[in-house]
Amino acid sequence: MARSYSSYFQGIELLSDVNYTQGFSVIPACFIDPDACARGPQFRLYNPFSTTTNKSALWQMAQWDSHSNISTTGIFVNDGKSKGMQWSSEDKRFILFQDNRLQISVNGYHEYQGKYRTQNEPWVALLLQQSIGKSSGSISLNQVTELRWNLDIQLLYMNQHIQPGYNPNIHAGQFLLYMTIQNLSPGDPDYGKYFWLGICLYDDRFPMSPLYINGDKGTGSLIYQPAFSNFANISVHSQSVVHINGDMMPFVRLGLEAAVQRGFLNSTDLSKYYVGGMNIGWEVTGLNNGTIEIGNFSLKQYTAQNPKSYEFNQDGNTEGWKTRLNSNKPLNGKWFLSLEDENFYLLSPEIMIDTSIVKKIIINMNYNKIQIFWSRNIEESFNKNDRILIEMKNNEKWKEYIIDLSKNSKWYGIVRRLKIEPIQKGNNIEFGIDYIRFASL
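Because the structure is predicted, anything quoted here is derived from the model rather than measured.

Undergrad: Run through the sheet that holds strand 19 (residues 335-338), naming residues and quoting values.
TA: On the basis of which strands lie adjacent, the open sheet formed by 4 strands has the order 19-28-22-25 and antiparallel pairing. Strands with a single pairing partner mark the edges of an open sheet, and in this sheet they are strand 19 and strand 25 (399-404). The mean inter-strand angle of the sheet, taken between neighbouring strand axes irrespective of direction, is 30°.

Undergrad: Which residues make up the side chain of S375, and what values do they have?
TA: Tracing the chain through its elements places S375 in strand 23 (residues 369-375). Residue S375 is classed as buried on the basis of its relative accessible area of 4%. In this structure the side chain of S375 is engaged in a polar contact, spanning 3.2 Å, whose partner is the backbone nitrogen of N377. Ignoring any residue separated from it by four or fewer positions in sequence, one finds S375 in contact with S381, F382, I414, V415, R416 and R417.

Undergrad: Which residues make up the pairing of strand 5 (residues 75-78), and what values do they have?
TA: Both strand 5 and strand 6 (residues 83-88) contribute to a ladder of 4 bridges, which runs antiparallel. By the bridge assignment, I75 is partnered in strand 6 with Q86. Where strand 5 hands over to strand 6, the hairpin turn is made up of 4 residues, of which G80 adopts a positive phi near 90°.

Undergrad: Describe helix 3 (residues 249-261), naming the residues involved and giving the relevant values.
TA: The terminal C-alpha atoms of helix 3 lie 19 Å apart, and with 13 residues this matches the ideal 18 Å at 1.5 Å per residue to within 8%. All of the buried residues along helix 3 are M249, F251, V252, G255, L256, A258 and A259. In the segment just after helix 3, G263 is the residue with positive phi, at about 85°.

Undergrad: How would you summarise the nonpolar core if you had to cite specific residues and measurements?
TA: L147 and F297 are the most contacted members of the largest nonpolar core, which totals 68 residues. Every residue in contact with L147, bar those within four places of it in the chain, is listed here: L14, L141, M179, G246, D247, M248, M249, V252, V275, L299, K300 and Q301. Judged by nonpolar contacts, the second largest core, of 32 residues, contains W321, V358, F431 and F438.

Undergrad: Account for the pattern of salt bridges, naming residues and giving values.
TA: Overall, the coordinates contain 15 salt bridges when judged by the stated rule. R417 is the salt-bridge partner of E380, the closest N and O atoms lying 3.9 Å from each other. On the criterion of sequence distance, the pair formed by E380 in the loop between strand 23 and strand 24 (387-391) and R417 in strand 27 (residues 417-422) is long-range, its members being 37 residues apart. Each member of the salt-bridge network shares a partner with another, and the members are D79, D99, R101 and E293.

Thresholds applied
- Residues numbered from 1 in each chain as written.
- Predicted model: local features only at pLDDT ≥ 70, side-chain atom pairs only at ≥ 80, totals over all residues.
- Heavy atoms only, no water.
- Pairing = 2+ DSSP bridges.
- Helix = DSSP H or I, 4+ residues; strand = E, 2+ residues; numbered from the N terminus.
- Axes fitted to C-alpha atoms, helices over the stretch in contact; angles between N-to-C directions.
- Buried < 20%, exposed > 50% of the residue type's maximum accessible area, 1.4 Å probe, protein only.
- Polar contact = N/O pair within 3.5 Å; in protein donor to acceptor, adjacent residues only side chain to side chain.
- Contact = heavy atoms within 4.5 Å.
- Expected span 1.5 Å × (residues − 1).
- Core = buried A, V, L, I, M, F, W, Y, C linked by side-chain atoms within 4.5 Å.
- Salt bridge = Lys/Arg side-chain N within 4 Å of Asp/Glu carboxyl O.

The following block contains the structure:
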């Protein structure tokens, strides 16, 4: 039971080609008629570090309302962390690093020739985007327990170029992350309609962007943008690397309610909706010249049959687990907890685990005797019969425990809560946990 167990559930990645092996298909810039360019032939930025067979690019780069095309001739660069390939024009720059980081830059001052745009004029955007839908693994959202973004982001440079004529209501630099929640139910009157569900990762006007709900004139769809504080507690303005992590499912529901209330959609039935597509990048309505770097980019879908694991890799992030009378938080990838409290336990967030599929719980810890309780309701109460006792000899060293519940008659139905309770408690006793994972047979 102490062997390393690598075959555990890790969710479904909805982003295709997360390592950018096939590079990017670029929609040419058309300041006069962007729609015409979107329908026309595209050109390609190839990944010079990729060793995979050349196929069609799954990522698109859109240069909406720009005055110039990014060059197809790249130059090699090195930022001290990794080699990279840089493509640019006088209005923008894009770098793909060998370690899969991306740097995206827009020079709004040059795009607008140093003059502020008026409220009704188009604005510049440099976006990376891709379609998702059923073909890329999206399932109807009534089956999804969590829909989780993960990425690292860092502001490297920003010059607002504020001058007479500046109006913060219409002039800004924003770096946005959006997905579409789309009706893909065949025969439904709303088939194909969607709303935009997004995160404003950076806005030069707000350290932490607030909740924003409004119609999008360009697409005729609702925009639902939760407050940034739902996904990070550090502002991107800090110029530190900020880790973005958050479950979008609560906001899928809120966004659908808002879209129906405001007449953009006609149903909140999750079984009709899928993740239709996504985009990330700059939208610049001011004279901003900015550079942002992103890395470790992921969008994962979890279900009761493919549940999320808990890795505790982000300092201070308990991933929804809570303890009784213990203020310690995860640090450097591990969570150490004092057992001075005789009633100590570790309680999971609300979960959904289909026990007909999930048969094993995998825990890496430095402790040798625990009880694991489970419950088929979301209340924080547990039946003493729904538990298993784990006792091993590990001499307080880290060890992975694979707890097989396949023959446990009490392990049935949909489990909604877990509780981990160390048996021995007292002063100077510490319980350390590295991760909690789930697997089938």
